[in-house]
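Survey of secondary and tertiary structure
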Amino acid sequence: MLQFLAANLRRRPSRALAFGGAILVAAVSFVLLTSAAKTSDLRVRGSVKQNFRNAYDILVRPRGSFTKIERESGLVRDNYLSGIFGGITLAQYHRIERIHGVEMAAPIANIGYIFPFVGKAVPIDDLVSNAPAQMYHLEETYVAQRGLSRYPGDDGYVYLSTRDRFVYGEHGLHELLPDGRRTQPCTQFANEIPSGGGPFGRQSYMECFSRRSPGQDSSAYDSRLPVGRPSSVVFFDFPVLLAAIDPVQEARLTALDRTITSGRFLKPGESARVGRFGHNYVPVIASARSYLDERLAIQISRIPVQAPTSFALRVGSAGAYRFVTHLPAGSQLATKRIALNRVYDRFLRGQLFSDIYWIPSDAAYRRRNDGRLSPLAVTNPKSIWKSRRYPTTGGYFPAPYDNADVQFRRLKALDGRNDFNQRGVYRTPYLRLRGRYDPAKLPGFSPLSRLPMETYYPPSVEPADARSRRLLKGKPLLPSQNVGDYVEQPPLLLTTLEGMKPFLNPSYFPGASLRAPLSVIRVRVANVKGPDPTSRARIKAAALEIRDRTGLDVDITAGSSPRPMLIDLPAGKFGRPELLLKEGWVKKGVSVSFLKALDRKRLVLLALIPLACAFFLVNGAFAAARARRRELGTLLCLGWPRRAIFAALLGELALVGLLAGLVGAALATAIVRLFALDVSLPRTLLVVPIALLLPVLAGLVPALRASREVPLAAVAPPVVAASSVRSVHGLRGLALANLARVPQRALVGVLGLVVGVAALTLIVGINQAFHGTLVGTLLGNAILFRISGLDFVALGVTIGLAACSLADVLFLNLRERSAELVTLRTLGWRQRHLAQVVALEAAGLGLVGGLAGALLGLALGLLLGVSVPPLLGAAALAAGGGLLVALLASLLPLSRLSGLTAPVVLAEE
């Protein structure tokens, strides 16, 4: 029997080589790809486990705080904390602490924006001259948002006399003129400053100096002015967000206590205490970084003075304010700049108190058709800046001019009672600085799974296109002094849950409430090791119990990953153009979803290679049996038993598989060593049994059918008997009739293409769907980079085998019809007509296989949970790809047409 099998293989070497090549490719590819996939999976799972946990596992927010976009997309916005001011009670917090499985629960209570006040001297003595009377104009401009926004500030004036002396007399400062007369510079100007102007009205002020009487000038009543140096004072009302924490829980969760750079950390239970003069001192720690991107530019110019005496009379007499503020522009001398980050340090060294604070709301969005988000602008009435303690500005708090720009958050003001209560305690809280902390010293978390930490950092808002990168100089957009702006600063001052009570006491601040002061609670669950089912179950159980016991909104953030969202920021009113920004929101459940999808996709893909090879081998086995019909019929007539026929056909395939397996094992070993793959020798040797098993399984049905043939039927043509005779019209009709002659052969060839097209639909559909969800996240992108190569190698092998199967079908059809084609050529058909028939047969196979494969891939994708829109696009692409593969597969049979001549065909017959 073995000699018989070997003789048959020698008689048909091309068919044996084709079989062996297909088996070799399938077996080697399957073993190496499964091994590489296992290594890749281990690495991917290691990455997922490493990035599964971050600062907290569960985020608890007030009920109803989820936005529509968050609910629909499974996202947590990076700016989630900025608009939440209260909503969780202390009782709910303590219930969460007592829940079984909760390792720690760290609350944050946003209180609001206070505006500490500070002044800073700006000396100009390096710019003055020796003229007897000089006037200098200091024009302030606040430059923010990487220089794109420019906000007007106050106007300062400095009057310097090198000729006259200044003295203090009745009602303030006097200038002694040479003729004995007296004027009142600065005093007269200050008395005429108009009141009102609203919260953003520009103020004008003037300082007066004399070289002949240093110390008897403006520096005498303002200690911030250096004696003997002409200077001006610029004033800042710097917005600072105040929040409260539980020091013990915050230290456990973020190790904040280890970031203290000076002073000390907050003590557990530390509360406000009454100090000198009845002031209520609230303990706070301050961030060492303010994150504001803003500076004050002061343009200094010298106003020309023609007649010193006349000028001095006008400056120090009635109408001084109007005279000075309407002086002609002078020559620019210099521009001095003050970074607001430096001013922040001056605030902390001074006395901090707040008799009014502001609470911003959350930003709302409009979702565009392309997926971008546009924050919606709001209009805050000027009345929210009203305060009883600012009569000189018409009852308005002198807010930074930034707040006249476009705003995206509604503001609420809590105007405090600036008096003493019945116990003699001053109602306005004072802040006592206990220490400074540096957020940069917080523990680093993986950037692939980093969660929003808005208690310490502003949201990451980067430019997203070339134009925005150019405008922002390639840097992120940072907060400004606009408390209603899109990008909010993090809390710069932190107190304790007990220390926040004066700010939430309605007898101090009407409208405040201590009922539900907490904004969010970040929870870590005990005994969580990674993305394993047990740990995930613990987190889910804790989250469900928190929701059931408190009724609050709960997010499971373990296994999440940043997902950039595109933000269309509208243009501002003060120069900033429209910007396209990228903000790092957080996609929930990325790790778990990715592992599930990875398992399903890998299972489908790695099953396709042996399946596609099996279709090729089945088709080849049927062809081999058909080609030997007369031989097998003769053997049956000579008395061969049917089981011998069955064994002979199956033995040939097994022998080819064994030889291919031995060659494949050697080839796989060489590849493993060449590319240093982590594949063991036993796994490499699996090539042999796989190569033996594939052809045996594929040849069972063809061998069984051939062994059951009726001997006399062996001489009949291997085509379907026609029930009726119908004429064929046109080349397309002839191609369709040719395919219908042997439907089993066409079906097996098409099935291989169906498998390849379905795989292509799945790969493209999954990747496109994940691009907007999992793969759009940082963790998803990192993992996809590791696994996409294996996916497309497996896909390439599958489609290659499908193409070989189609080429085999077309080639066999061509060979069996060789006499017919020669007859047609003899009757006058040209070669191009015959080529068109073969191409149309290929197109028919490709069209049927492509459509069926696309539908199969679509159905499998829906079972795997892939969204419909990307699947439909992938199905259309894959169907077109199937047609293209079929046309490419027809190139080999087409190349054999020219060799079909009458002598050659007669010789074969």
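Residues numbered from 1 in each chain as written. Predicted model: local features only at pLDDT ≥ 70, side-chain atom pairs only at ≥ 80, totals over all residues. Heavy atoms only, no water.

Considering the overall build of the protein chain
Scanning the protein chain from N- to C-terminus turns up 25 helices and 29 strands. For the protein chain, long-range pairs separated by at least 24 residues make up 81% of all intrachain contacts whose partners lie at least 6 apart in sequence. When the accessible area of the protein chain is evaluated, it comes to approximately 39100 Å², of which 58% is carbon and sulfur surface. (Helix = DSSP H or I, 4+ residues; strand = E, 2+ residues; numbered from the N terminus. Contact = heavy atoms within 4.5 Å. Areas by Shrake-Rupley, 256 points an atom, 1.4 Å probe, with all protein chains shown as cover.)

Focus: the nonpolar core
One finds I58, F236, Y357 and W385 to be the most contacted residues of the largest nonpolar core, which totals 88 residues. Among the elements that line this core, the one with the most residues is strand β3 (residues 102–114), at six residues. When neighbours within four sequence positions are excluded, W385 is seen to be in contact with F115, P199, F200, W358, G395, Y396, F397, A399, N403, L411 and V483. Grouped together as the second largest cluster of nonpolar side chains are 23 residues, L81, I84, M104 and F265 included. (Core = buried A, V, L, I, M, F, W, Y, C linked by side-chain atoms within 4.5 Å. Buried < 20%, exposed > 50% of the residue type's maximum accessible area, 1.4 Å probe, protein only.)

Some thoughts on the sheet that holds strand β5 (residues 133–144)
The strand order β10-β6-β5-β16-β17 describes an open sheet built from five strands, whose pairing is mixed. Strands with a single pairing partner mark the edges of an open sheet, and in this sheet they are β10 (204–210) and β17 (331–339). Between one strand axis and the next, the sheet turns through 25° on average, direction left out of account. Of the strand pairs in this sheet, strand β16 (residues 294–303) and β17 are connected by eight bridges, and their pairing is antiparallel. Residue pairing across strands places Q299 opposite T335, the latter belonging to β17. (Pairing = 2+ DSSP bridges. Axes fitted to C-alpha atoms, helices over the stretch in contact; angles between N-to-C directions.)

Re helix α6 (residues 247–254)
With six of eight residues buried, α6 is to be regarded as a mostly interior element. Residues P247, Q249, E250, A251, L253 and T254 constitute the buried set of α6. Where the residues of α6 are buried, they touch α4 (90–98), β3, β12 (240–245), β25 (493–496) and β26 (520–525). The opening residue of α6 is D246, an N-cap whose side-chain oxygen sits 3.1 Å from the backbone nitrogen of V248. (Polar contact = N/O pair within 3.5 Å; in protein donor to acceptor, adjacent residues only side chain to side chain.)

Details of the environment of V656
Along the chain, V656 turns up in helix α15 (residues 642–675). Residues V656 and A691, 35 residues apart in the sequence, show an inter-C-alpha distance of 8.8 Å.

Re the sheet that holds strand β7 (residues 165–169)
The strand order β7-β8-β9 describes an open sheet built from three strands, whose pairing is antiparallel. Each edge of the sheet is formed by a strand with only one pairing partner; in this case those strands are β7 and β9 (182–183). In this structure, strand β8 (residues 172–176) lies alongside β9, joined through two bridges in antiparallel fashion. Of the residues in β9, the one forming a bridge with L176 is R182.

Some remarks on the pattern of salt bridges
Within the structure shown, the criterion is met by 18 salt bridges. R61 serves as the salt-bridge partner of D555, at 3.1 Å between the closest nitrogen and oxygen. Linking D555 in strand β27 (residues 553–556) with R61 in strand β1 (residues 58–61), this pair joins segments that are 494 residues apart in sequence. Exposure class is identical for D555 and R61. Each is buried. For K336, the salt bridge identified is with D126, shortest N-O distance 3.4 Å. Separated by 210 residues along the polypeptide, K336 in strand β17 and D126 in the loop between β4 (117–123) and β5 bring together distant segments of the chain. Connected through shared salt-bridge partners, R368, D370, R372 and D568 make up one network. (Salt bridge = Lys/Arg side-chain N within 4 Å of Asp/Glu carboxyl O.)

Things to note about the packing of helix α22 (residues 831–863) against helix α23 (residues 868–889)
The geometry of α22 relative to α23 is characterised by a closest axis approach of 7 Å and an angle of 155° between their N-to-C directions. Taken together, the axes of α22 and α23 lie roughly antiparallel to each other. Crossing of α22 against α23: the hand is right-handed. On the side of α22, the interface is formed by A839, A842, A843, G846, L847, G850, A854, G857, L858, G861 and L862, while α23 contributes V868, L871, L872, A875, A879, G882, L883, A886 and L887. Tallied by class, the residues present in the contact of α22 with α23 amount to 15 nonpolar, five polar and no charged. (Parallel < 35°, antiparallel > 145°, perpendicular 65-115°, else oblique. Left-handed = near helix turned anticlockwise from the far one by under 90°. Nonpolar A, V, L, I, M, F, W, Y, C, P; charged D, E, K, R; others polar.)

Side note on the confidence of the model for the protein chain
The predicted model of the protein chain has a mean per-residue pLDDT of 79, with 73% of residues at 70 or higher. Contacts of residues 445–449 to residues separated by more than four positions or lying in other chains number 20 contacts, the stretch itself having pLDDT below 50. (pLDDT = per-residue confidence, 0-100.)

So, unusual backbone geometry
With phi around 60°, R146 is a residue other than glycine that occupies positive phi space. Tracing the sequence through the fold places R146 in the loop between β5 and β6 (149–161). Phi angles above zero are rare outside glycine, and Y291 is one such case at about 70°. The topology assignment puts Y291 in the loop between β15 (279–287) and β16.

With respect to the pairing of β15
The buried fraction of β15 is high, at nine of nine residues. Sheet topology places strand β14 (residues 273–274) next to β15; two bridges connect them, and they run antiparallel. Looking across to β15, one finds that V274 is bridged to N280. What sits between the antiparallel neighbours β14 and β15 is a turn of four residues, in which F277 has the positive phi angle 60°. Taken together, the nine bridges between β15 and strand β23 (residues 426–437) define a ladder with parallel strand orientation. Paired with S287 across the bridge in β23 is Y437. When β15 meets β25, the two strands line up antiparallel, connected through two bridges. Each bridged residue has a counterpart across the sheet, and for I285 the counterpart in β25 is L494.

Points about α23
Over its 22 residues, α23 runs 31 Å from end to end, which matches the ideal 32 Å to within 8%, given 1.5 Å per residue. Turning to α23, its buried residues are P870, L871, A874, A875, A878, A879, G882, V885, A886 and A889. (Expected span 1.5 Å × (residues − 1).)

Here's the deal with the packing of aromatic side chains
This model, assessed by the stated rule, comprises 27 aromatic pairs. On the numbers, 5.6 Å between centres and 65° between planes, the contact of F311 with F323 is edge-to-face. Separated by 12 residues along the polypeptide, F311 in helix α7 (residues 308–315) and F323 in helix α8 (residues 320–325) bring together distant segments of the chain. For F311, a relative accessible area of 7% translates into the label buried. For F323, a relative accessible area of 15% puts it in the buried group. The interplanar angle of 85° and the centroid separation of 5.8 Å between the aromatic rings of Y401 and F574 together place this pair among those described as edge-to-face. Linking Y401 in the loop between β21 (373–375) and β22 (411–415) with F574 in the loop between β28 (561–569) and β29 (579–587), this pair joins segments that are 173 residues apart in sequence. (Phe/Tyr/Trp six-rings, centres within 6.5 Å; stacked < 30°, edge-to-face > 60°.)

Description of the state of the cysteines
What the rule picks out here adds up to one disulfide. With a sulfur-sulfur separation of 1.9 Å, C186 is cross-linked through a disulfide to C208. When the S-S torsion is 105°, as for the bridge of C186 with C208, the disulfide is right-handed. Here the residue C186 occupies a position in the loop between β9 and α5 (187–191), and C208 occupies one in strand β10, the gap between them amounting to 22 residues. (Disulfide = S-S within 2.5 Å.)

Section: the pairing of β26
Counting buried positions along β26 yields six of six residues, so the element is predominantly enclosed. Going residue by residue along β26, you find V520, R522 and R524 tucked away on one face and I521, V523 and V525 tucked away on the opposite face as well. Direction of pairing for β1 relative to β26: antiparallel, over a ladder of three bridges. Directly across from L59, in β26, lies its bridge partner R522. Pairing of β3 with β26, which is carried by six bridges, proceeds in the antiparallel orientation. The partner of I108 across the bridge, within β26, is V520.

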